[in-house]
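Understanding the architecture of this molecule
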Amino acid sequence: MSTKKIMKVITVCYLFFLLSLLFTLESCGQIKKTTPSKDQSTQPNIVLFFVDDLGWSDLGFRNNIFESPNIDTLAKSGVSFEQAYIASPTCSPSRATLVTGQHPARLKLVRHIPGGKRNGFDQFGRTTKEFHVLQRDPAQFPSRNWLPLETTTYAEALSKLGYYNLFVGKWHLGHEKFHPNKQGFDQQIGTSNYGHPKSYYPPYFKQDTIFKDEKGRYLTDKLTDETVNFISNYNKKKPFMVSFFYYSVHSPHQGRKDLVRHFEAKGLEGKYAHYAAMVKATDESVGRIINAVKEKEIEKETIFIFLSDQGGYFENLPFRGGKMTETLFEGGARVPFFIRWPGVTKPNSTNNSLVQSTDLFPTLVEIAGGNTVNYKNIDGISLLPTIKTNDHLKRDPIYGYRAYEDLYVSVRDKNWKLLAYRSGKLQLFNISKDIKEQKDLSTEKPLMVKKLVQKLIQWETKMGVKSFSGIQ
């Protein structure tokens, strides 16, 4: 055999030896497998808790009437945005903005989607009418009855970046043709055409196809069971995002029976005992889902986000206003908002930056490794740098907007807040000095009023709602 052939045989044998050695070491666990995919190595799982009608102060660490140890722990384990606002504090607009990053005024979805024959809906909450008007709305603003399919949701954006998207609970952005599974979510659980259940005990909805075989489980617990099961059995080689949009603590105020008895024993009565029980059931749900993540051993690569869709139904101390009255005051528009990101957020962090629900879409896109430049008409800004550093966020004014009554818009610029009414009335408050919004400074600070009115006019023009303006 020639020398050249001998060297070739030796080389082949040597390579075979190296491959055998590498295989042996890997099998023994001495060499860790690398994960080349971006999904596994850099993108966190995301769990979003979006609670309905939970006031800023309706949590145990802010009001000892309530018991919410799991949510309290979540709030204190990351960063709490103390001045977080919903762009339009009411059911459907709050959800539309959260999932699209677009302001409700831009979307022309400025009221909750109603039901009933007089509004053109059938008994199952379906309609062919794209818009409705409200008789008592001074502006007669036509508001959408569904979120248009051509509008990009964060589920669609994250799907392009390799995420699996689960939606759980309340959608309230249109009937079946416009449900989450038509808007970029891979799977939906417990989604109805309604803004609230008829009962928190089965049958839950007029649509008896939702959990039709369930006999007695409390709705919040049932949705949690399904979510825990999803997390426990998830085996896809891609990160996931769970969007848990609670029906609770929306009316009917019907607490879980054992928890109602618990609060009655502590001295609460009637609807207050039921409401406190609903808060506690929601807290138990949050705790169970966090534990499911821990048991899956993926806690270090999972972000938890918690916020509410508007102010509470009852008292919202120390603020003025709430869900039912003066909703653009602090009690209706300011909501709890916490983010925990292991290895990124520091425990017991608070941040007093002005943030808004419009910011969630761009934040999620950047967390997932995407670029917000790819999306048009985004009205929020990414909070990712602020989450990482906890620095104060500098931004342009934020705007609240509704179409129910005379009070229709708010402008928040640093410490100043302007409230404008369809009738032309204006109010001005310094939130840093007057958290209860008791002293109207509009006559004392005419230059500030003028400045904010000019900003408001520009914004209304940009949003395409100038024809409904109350600015005289």
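First, a word on what this report is: a plain description of the structure on this page. Per chain, residue numbering runs from 1 following the sequence as it is written. Only residues with pLDDT of 70 or above have their local features reported here, since the model is predicted, and side-chain atom pairs are shown and tallied only from 80 upward, although totals for entire chains, interfaces and linings are computed over all residues. The side-chain numbers reported here are obtained from all heavy atoms of the structure, hydrogens and water having been left aside.

Here we take up the overall build of the chain. Assigned secondary structure in the chain consists of 13 helices and 15 strands. Whereas a compact globule of 472 residues would reach a radius of gyration of roughly 23 Å, the chain reaches 25 Å, a difference of no more than 12%. Taken along its principal axes, the extent of the C-alpha atoms in the chain is 105 × 55 × 45 Å. Per-residue accessibility, obtained with a 1.4 Å probe over protein chains only, is compared with the maximum for each type, and a residue is labelled buried under 20%, exposed over 50%, and partly exposed between these values. Taking all 472 residues of the chain together, 57% fall into the buried category. Contacts are assigned to residue pairs that have any heavy atoms within 4.5 Å of one another. For the chain, contacts bridging at least 24 residues in sequence account for 67% of all contacts bridging at least 6. Only the protein chains shown count as cover for residues, and all accessible areas are computed by the Shrake-Rupley method using a 1.4 Å probe. Counting only carbon and sulfur atoms, one obtains 52% of the accessible surface of the chain, whose full area is about 21,300 Å². The way it works is that DSSP assigns letters per residue, a run of H or I at least four long becomes a helix, a run of E at least two long becomes a strand, and they are numbered from the N terminus. Computation of the radius of gyration draws on C-alpha atoms, with the globule rule given as 2.2 Å multiplied by the number of residues to the power 0.38.

Looking now at the packing of helix H7 (residues 219-233) against helix H9 (residues 270-295). Orientation is described by lines fitted to C-alpha atoms, with helices fitted over the stretch in contact, and by angles between N-to-C directions that extend from 0 to 180 degrees. Put simply, H7 and H9 touch, their axes get as near as 9 Å, and they point 10° apart. In terms of orientation, H7 and H9 fall into the roughly parallel class. Contacts between H7 and H9 involve Thr-220, Asp-221, Thr-224, Asp-225, Thr-227, Val-228 and Ile-231 from the first element and Ala-281, Thr-282, Ser-285, Arg-288, Ile-289, Ala-292 and Val-293 from the second. Tallied by class, the residues present in the contact of H7 with H9 amount to 6 nonpolar, 5 polar and 3 charged. Throughout, the term roughly parallel applies to angles under 35 degrees, roughly antiparallel to angles over 145, roughly perpendicular to angles from 65 to 115, and oblique to all others. Gly is put with the polar residues, along with every residue not named as nonpolar or charged; the nonpolar set is Ala, Val, Leu, Ile, Met, Phe, Trp, Tyr, Cys and Pro, and the charged set is Asp, Glu, Lys and Arg.

Any two strands with at least two DSSP bridges between them are considered paired. One open sheet accounts for 4 strands, arranged E12-E13-E14-E15; its pairing is antiparallel. Each edge of the open sheet is held by one strand with a lone partner, namely strand E12 (398-401) and strand E15 (426-430). Averaged over all pairs of adjacent strands, the angle between strand axes in this sheet comes to 15°, irrespective of strand direction. As defined by bridge partners, E12 adjoins strand E13 (residues 407-413) across 4 bridges and the pair is classed as antiparallel. The residue of E13 that forms the bridge with Tyr-401 is Val-409. Sitting on the sheet, helix H13 (residues 446-463) is in contact with E12, E13, strand E14 (416-421) and E15, with an inclination near 110° to E13.

Okay, the pairing of strand E10 (residues 337-340) next. Neither face of E10 is open: one carries Phe-337 and Ile-339, the other Phe-338 and Arg-340, and all of them are buried. Relative to E10, strand E8 (residues 302-308) is paired through 4 bridges, and the arrangement is antiparallel. Among the inter-strand pairings, Phe-306 is bridged to a residue of E10, identified as Phe-338.

Pairing of aromatic side chains requires ring centres within 6.5 Å, counting the rings of Phe and Tyr and the six-membered ring of Trp. Pairs whose planes differ by under 30 degrees are stacked, by over 60 edge-to-face, and all others tilted. Under the definition given, this model contains 35 aromatic pairs. Pairing Tyr-200 with Tyr-218 gives two aromatic rings, centres 5.7 Å apart and planes at 25°, and the pair type is stacked. Here Tyr-200 is found in the loop between strand E6 (187-189) and H7, whereas its partner Tyr-218 is found in the loop between E6 and H7, with 18 residues between them in sequence. Residue class for Tyr-218 comes out buried when judged on its relative accessible area of 2%. Here a set of aromatic residues connected by ring pairs shows up, and it is made of Phe-50, Tyr-154, Phe-167, Trp-171, Phe-185 and Phe-245. A ring has a charge above it when a Lys NZ or an Arg CZ is no more than 6 Å from the ring centre and no more than 35 degrees off the ring normal. In this structure, Lys-257 is placed above the aromatic ring of Tyr-201, and the distance from its NZ or CZ to the ring centre is 4.9 Å. Its end group placed over the ring of Tyr-421, Lys-425 keeps NZ or CZ at 4.9 Å from the ring centre.

Only one rule defines a salt bridge in this text: a Lys or Arg side-chain nitrogen within 4 Å of an Asp or Glu carboxyl oxygen. Taken as a whole and assessed by the stated rule, the structure comprises 28 salt bridges. Notably, a salt bridge pairs Glu-82 with Arg-62, separated by 3.1 Å at the nearest N-O pair. One end of the pair, Glu-82, is in strand E2 (residues 79-85); the other, Arg-62, is in the loop between strand E1 (45-51) and helix H3 (69-76), with 20 residues separating them in the sequence. Neither Glu-82 nor Arg-62 differs from the other in exposure class; each is buried. A salt bridge links Lys-439 to Glu-444; the nearest nitrogen and oxygen atoms lie 3.2 Å apart. In this structure Lys-439 comes out as partly exposed when scored by relative accessible area, which is 47%. Since its relative accessible area comes to 48%, Glu-444 is described here as partly exposed. Residues joined by salt bridges that share partners form a network here, namely Asp-52, Arg-95, Lys-170 and Asp-309.

We now examine empty space enclosed by the protein. It is the rolling of a water-molecule-sized probe over the atoms that shows where space remains empty. Definitions used throughout: a 1 Å grid over protein atoms alone; a cavity as a set of points that fits a 1.4 Å probe which cannot get out; a pocket as an open set with protein on both sides within 12 Å along at least five of seven lines; a lining residue as one with an atom within 4 Å of a point. Grid points are joined across faces, edges and corners, and a volume is the space filled by probe spheres set on the points. Under the criterion given, the structure shown has 2 cavities of 30 Å³ or more. Approximately 100 Å³ is the volume attributed to the largest cavity. Lining the largest cavity are Tyr-85, Ile-86, Leu-328, Glu-330, Ala-333, Gln-356, Ile-398, Tyr-399, Gly-400, Ser-410, Arg-412 and Lys-417. Looking at the lining of the largest cavity, the elements with two or more residues in it are helix H10 (330-333), E12 and E13. A per-element tally of the lining of the largest cavity places E12 first, with 3 residues. In terms of residue class, the lining of the largest cavity is made up of 6 nonpolar, 3 polar and 3 charged. In this structure, the second largest cavity encloses a volume near 60 Å³. Residue lining of the second largest cavity: Ala-84, Tyr-85, Leu-98, Leu-307, Val-335, Phe-337, Val-355, Gln-356, Ser-357, Asp-359, Leu-360 and Leu-383, and that is the complete set. When contributions to the lining of the second largest cavity are tallied by element, the ones reaching two or more residues are E2 and strand E11 (349-356). Here the lining of the second largest cavity is composed, by residue class, of 9 nonpolar, 2 polar and 1 charged.

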